[in-house]
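# Examining the three-dimensional arrangement
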Amino acid sequence: MSFFEKLMKIDRRIIFLLIFIGVAVPLIVALNFTLEITQPVRKVYSLVEDADDGAYILLSFDYGPSTKPEIQPMAIAVLKHAFERDYKVVCSALWPMGVLMCSEAIESVKEEYPNIEYGVDYVNLGYKAGGLVTINHMGKNMRETFPTDAANNPISEIPIMDNIKNLTNFDFIVGFSSGSPGLKQWVQVAHDAYGVPVAGGSTAVQVPSLSPYLNRENQLEGLLGGLKGAAEYEKLIASPGTAVKGMDAQSIAHLLIIIFITIGNIGYFVTGKYKQKRL
Amino acid sequence: MKRQFPLVITFVVGMLVIVSQFIPHQPFGHLSDTLESWFLIISGFAILLGQLNLLKVNIIKIHRKVRNWQYYIVCVVSFVVMITIGILWGTQDQPGLLGQGSALVSFFGRKPFDYIFKHFFENLSATMFSLLAFFMASASYRAFRARNLESSLLLISAVLVMLGRTTIGTWLTGWIPEDLTYLHIPQIANFIMKYLQKTGQRAIMICAGLGIVGSSLRIILGIERSYLGGK
Amino acid sequence: MKKIFVFCVLLFLFGSSVWASSNVPLTAQDHPDDDGSAIDLSWKYEGELPFSIWIERSKDGKDFELISKIAPAKTYITDGKNIKPGNQYYYRLKFVDAQSNIMASTDIVKAKSEAQWFNSRRTPLLVMVIILSAAILYFILSARKGKHLFIRKIAGLDTIEEAVGRATELGKPLLFVPGIMDLDNIQTLAGLNILSHLAKKVAKYDSTLYVPVSKSMVLSTAKEIVKEAYLKVGRPDAFDSDSVFYLTDDQFGYVAGVDGIIVREKPAATFYLGAFYAESLILAETGFESGAIQIAGTAMPSQIPFFVAACDYTLIGEELFAASAYLSDQPNQLGCLKGQDVGKALILITIFVGIILDIFGVNIITNFLQMK
């Protein structure tokens with residue numbers, strides 16, 4: 001086998017090893033690449049930034065531990081932004097593990113905002129099964145959908161919920177999603193049926209399927225796509241966190257993939273496979 | 001009769017759901033929601049069926065000592081441990097049969113169930129998901145070859161999007177003056193995603209939507225019966 | 001001095017009452033196209049921005065209760081709290097400052113909630129459903145009458161027989177993954193429909209089929225399908241009920257389980273047909289490494305590229321739904337596919353005509369589809 005033929009058939013274990021090194025090294029040694037803010041991220045930022053003082057916002061944690069490294073940084077960034085603007089934050093989850101993700105996100109924000117008070121500034125309503133149906137019920141009556149919060153306290157005893165009857169009482173909704181039920185269902189019900197502005201964050205893999213909702217009708221006000229979306233948001237709120245750190249690793253991984261693709265194509269052309277296919 | 005009855009139920013329920021989409025008046029308005037709730041209740045009970053099946057299949061394999069039977073022990077033991085500690089001490093704020101287990105909480109820093117969830121389950125799940133990064137690299141290395149015009153265009157778009165979605169794109173073209181922002185790789189990547197990619201996605205979504213309508217009609221009208229086990 | 005003080009107090013009270021009674025126009029009307037469970041309120045407030053707006057409601061126009069406090073910048077709200085169809089409700093709004101002093105208020109207005117028999121916002125959907133259903137039914141009837149319908153080849157489905165044959169020759173099993181969604185997802189049903197055809201072939205060739213599932217409801221359905229397939233082929237004794245088994249509801253737990261089966265059992269062919277998310281590439285790459293023939297199909301747009309990159313054949317979007325009809329070769333089912341194609345043509349024409357008309361400023365089609 002010639003050198004170029006070998007280039008076309010690199011053992012995937014070598015690829016895995018190089019990707020591992022390419023991801024691990026930038027996590028240890030920061031490279032500090034610069035970031036350019038994209039429109040969908042800026043729109044999420046504007047939605048949060050421009051809401052009225054004392055606005056009520058709903059954050060939905062529709063993901064689990066597997067996608068936590070990608071989505072948790074954006075949830076933390078949006079929470080920080082919301083508490084910075086003194087909004088009232090109501091959290092819910094359409095995924096069972098979302099409850100824990102929410103608790104952990106709030107815990108990490110508390111270090112920076114120690115004065116936020118449970119039940120007054122924020123509440124964790126917990127998990128409710130049903131996806132689309134649950135969102136629809138929330139649109140009609142929040143209290144019937146969530147009679148208690150995650151810790152089983154009756155909703156009637158939580159001051160922040162006094163002014164919340166249904167989804168229309170929220171100024172906007174931000175959904176963090178890694179699958180179904182998730183952001184797509186929030187758009188279809190909360191925005192399309194109840195007219196509440198919806199923005200969100202998702203894994204990078206999901207971005208192509210959600211991007212059709214970033215349209216003239218603003219079905220989706222804005223979208224934080226994967227780690228890069230989270231990093232851009234962290235940059236916008238001037239609070240760099242794990243996403244900004246992770247972006248170096250992701251950038252190197254992408255660069256390595258591009259190098260592999262290039263090597264594969266060089267081998268493909270030099271070995272004449274290109275001509276063979278065309279004959 | 002065994003085959004006809006489910007077909008009649010499918011037809012009636014299918015038609016009711018379609019009608020309820022257009023008639024908000026009671027009793028049609030909430031039919032869809034009610035049926036969805038019924039589905040959730042049934043699937044809630046069905047979870048037990050799945051768990052029992054899991055235990056049965058694994059225990060049989062251990063009992064017969066099939067190849068790699070040791071792996072199945074890990075599964076059964078994990079299953080029993082998680083259920084037991086969940087029942088005994090509960091999760092998060094929920095108490096278990098033995099209360100909140102404050103002695104264990106002071107030792108582990110959280111409840112035993114939450115401790116295992118946080119330190120084992122979360123990491124194992126994240127590991128499985130992160131395999132994607134490695135597999136994406138090997139799959140793209142294999143798949144992206146400039147075999148013809150179409151695949152070459154796909155290759156170029158992929159490289160631009162990959163660069164544009166990372167900080168390297170900014171680093172490479174950040175020096176280009178403001179007047180020529182459209183030449184910035186992140187902007188080109190956004191253009192590809194916003195127009196070219198979105199168009200393709202919509203085409204697939206519309207066609208899949210039509211497929212869903214056709215498939216649903218076949219099922220509602222009883223033409224498609226494979227899901228009942230035969231023609 | 002006392003008189004001056006009393007005068008000032010009176011003046012203040014008079015002034016504030018005039019200020020408070022300044023009328024803000026409020027309208028209340030039944031929320032359209034619903035089941036009579038909501039009333040729309042809208043108002044136009046032009047004074048100094050209040051701290052909050054209080055919405056009060058009454059059933060008799062006398063005893064009002066505070067039903068909501070909303071943000072000051074809002075100009076409309078839909079009241080859906082315990083509204084019963086056919087009842088009359090009275091509303092008034094109070095615009096208050098931070099100390100809960102009333103800055104302005106509205107007159108009392110009334111509205112009756114009514115349930116509608118037709119959701120007019122869904123007219124375009126109804127028109128499309130009728131046209132599409134009519135086209136599908138027409139072609140089903142035509143096919144029944146014996147009209148020949150040309151259906152293009154779907155390579156992935158033609159390979160099923162070859163894959164089962166290869167598995168039998170090599171003495172290796174086949175693996176079928178019906179996605180990670182439940183039975184309420186039509187993609188899962190489409191996958192299970194294909195499983196029915198595949199299981200018959202497996203039963204005929206006396207091969208082994210593994211069907212790991214991630215939802216309990218799918219477990220019972222898949223089990224029944226495979227069992228029926230063995231019965232149909234006349235080999236009920238060969239059916240192993242443990243060949244269809246549940247792993248876990250958890251997405252990546254399921255992936256770990258299936259990957260384990262692929263690595264240990266080295267199946268000759270793997271089928272991924274149903275709804276998939278991020279696990280698609282993890283499954284497909286593991287299958288590729290094991291050297292299996294891989295056939296995938298999903299209508300999840302974001303997962304299709306992964307399957308295309310790692311599998312031998314991929315059913316894209318509608319092909320997944322067409323597969324069962326294609327495999328059955330029954331005129332009824334093939335007619336349905338033809339009807340879908342007519343629907344596709346109609347949508348293309350609508351999009352094309354809509355774009356042309358929009359360019360010339362005529363928005364009839366756009367407005368109709370958006371129900372403006």
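Cut-offs applied
- Residues numbered from 1 in each chain as written.
- Chains lettered and ligands numbered in written order.
- Predicted model: local features only at pLDDT ≥ 70, side-chain atom pairs only at ≥ 80, totals over all residues.
- Helix = DSSP H or I, 4+ residues; strand = E, 2+ residues; numbered from the N terminus.
- Rg over C-alpha atoms; globule rule 2.2 N^0.38 Å.
- Buried ≥ 20, exposed ≤ 12 C-beta atoms within 10 Å, placed from the backbone.
- Contact = placed C-beta atoms within 7 Å.
- Pairing = 2+ DSSP bridges.
- Axes fitted to C-alpha atoms, helices over the stretch in contact; angles between N-to-C directions.
- Domains from an automatic or database assignment.
- Nonpolar A, V, L, I, M, F, W, Y, C, P; charged D, E, K, R; others polar.
- Right-handed = clockwise from strand over helix to strand, strands pointing away.

### Considering the overall build of chain C
Looking only at helices and strands, one finds eleven helices and 15 strands in chain C. A compact globule built from 372 residues should have a C-alpha radius of gyration of about 21 Å, whereas chain C, at 32 Å, is more than 25% larger. In terms of its C-alpha atoms, chain C occupies a principal-axis envelope of roughly 115 × 50 × 40 Å. The burial tally for chain C puts 47% of its 372 residues in the buried class. Long-range pairs, those at least 24 residues apart, make up 68% of the contacts in chain C between residues at least 6 apart in sequence.

### Points about the sheet that holds strand S5 (residues 198-202) of chain A
All names here are of chain A. Spatial strand order, S3-S2-S1-S4-S5-S6: six strands in an open sheet with parallel pairing. Every other strand in the sheet has two partners, leaving strand S3 (122-127) and strand S6 (223-225) as the edge strands with one partner each. The sheet shows a mean angle of 15° between the axes of neighbouring strands, direction not considered. Pairing geometry for strand S1 (residues 56-62) and strand S2 (residues 88-93), over five bridges, is parallel.

### Observations regarding helix H6 (residues 132-140) of chain A
With eight of nine residues buried, H6 of chain A lies mostly within the body of the structure. By the burial criterion, the buried members of H6 of chain A are Val133, Thr134, Ile135, Asn136, His137, Met138, Gly139 and Lys140 of chain A. Check the buried side of H6 of chain A and you find it contacts helix H7 (142-145) and helix H8 (183-191) of chain A together with helix H2 (31-64) of chain B.

### Points about the domain arrangement of chain B
Interfaces are often described in size by the accessible area the parts lose on coming together. Parsing chain B into structural domains produces domain 1 (1-66), domain 2 (82-142) and domain 3 (144-231). Here the C-alpha centre of domain 2 of chain B lies 30 Å away from the C-alpha centre of domain 1 of chain B.

### Brief notes about the interface of chain B and chain C
On the chain C side, the residues contacting the 51 residues of chain B number 65 residues. For the side of chain B that touches chain C, the secondary structure elements donating two or more residues are helix H1 (4-22), H2, helix H5 (112-143) and helix H8 (185-220) of chain B. Element by element, the count of residues in the side of chain B that touches chain C is highest for H8 of chain B, at 16 residues. Partitioning the side of chain B that touches chain C into residue classes produces 30 nonpolar, 19 polar and two charged.

### Details of the pairing of strand S14 (residues 293-298) of chain C
Residues and elements named next belong to chain C. Counting buried positions along S14 yields six of six residues, so the element is predominantly enclosed. Covered by surrounding structure in S14 are Ile293, Ile295 and Gly297 together with Gln294, Ala296 and Thr298, the residues of both alternating faces. Crossover handedness for the path strand S13 (residues 269-275) to helix H7 (residues 279-290) to S14: right-handed. The pairing of S14 with strand S15 (residues 313-316) spans four bridges and is classified as parallel. Bridging from a neighbouring strand, alanine 296 pairs with threonine 314 of S15.

### Observations regarding the environment of arginine 92 of chain C
Residues and elements named next belong to chain C. Along the chain, arginine 92 falls in strand S7 (residues 88-96). C-beta crowding within 10 Å serves as the criterion here: with 19 such atoms nearby, arginine 92 is assigned to the partly exposed category. Here arginine 92 is in contact with Glu56, Phe64, Ser105, Thr106 and Ile108, once residues within four sequence places are set aside.

### Considerations on the domain arrangement of chain C
Residue and element names in this part refer to chain C. When the domains of chain C are assigned, the result is domain 1 (2-112), domain 2 (120-135 + 334-370) and domain 3 (149-329). Inter-centroid distance (C-alpha atoms) of domain 2 to domain 3 is 34 Å. Taken residue by residue, the interface counts six residues in domain 2 and five residues in domain 3.

### Some points on the sheet that holds strand S6 (residues 76-79) of chain C
Residue and element names in this part refer to chain C. Ordered by their spatial adjacency, three strands build an open sheet running S2-S3-S6, and the pairing between neighbours is antiparallel. The sheet terminates laterally at strand S2 (26-30) and S6, the two strands that pair on one side only. The mean angle between the axes of side-by-side strands here comes to 20°, regardless of whether they run parallel or antiparallel. In the sheet, S2 pairs with strand S3 (residues 39-43) via five bridges, with the strands oriented antiparallel. Within the sheet, the bridge partner assigned to alanine 28 lies in S3 and is leucine 41.

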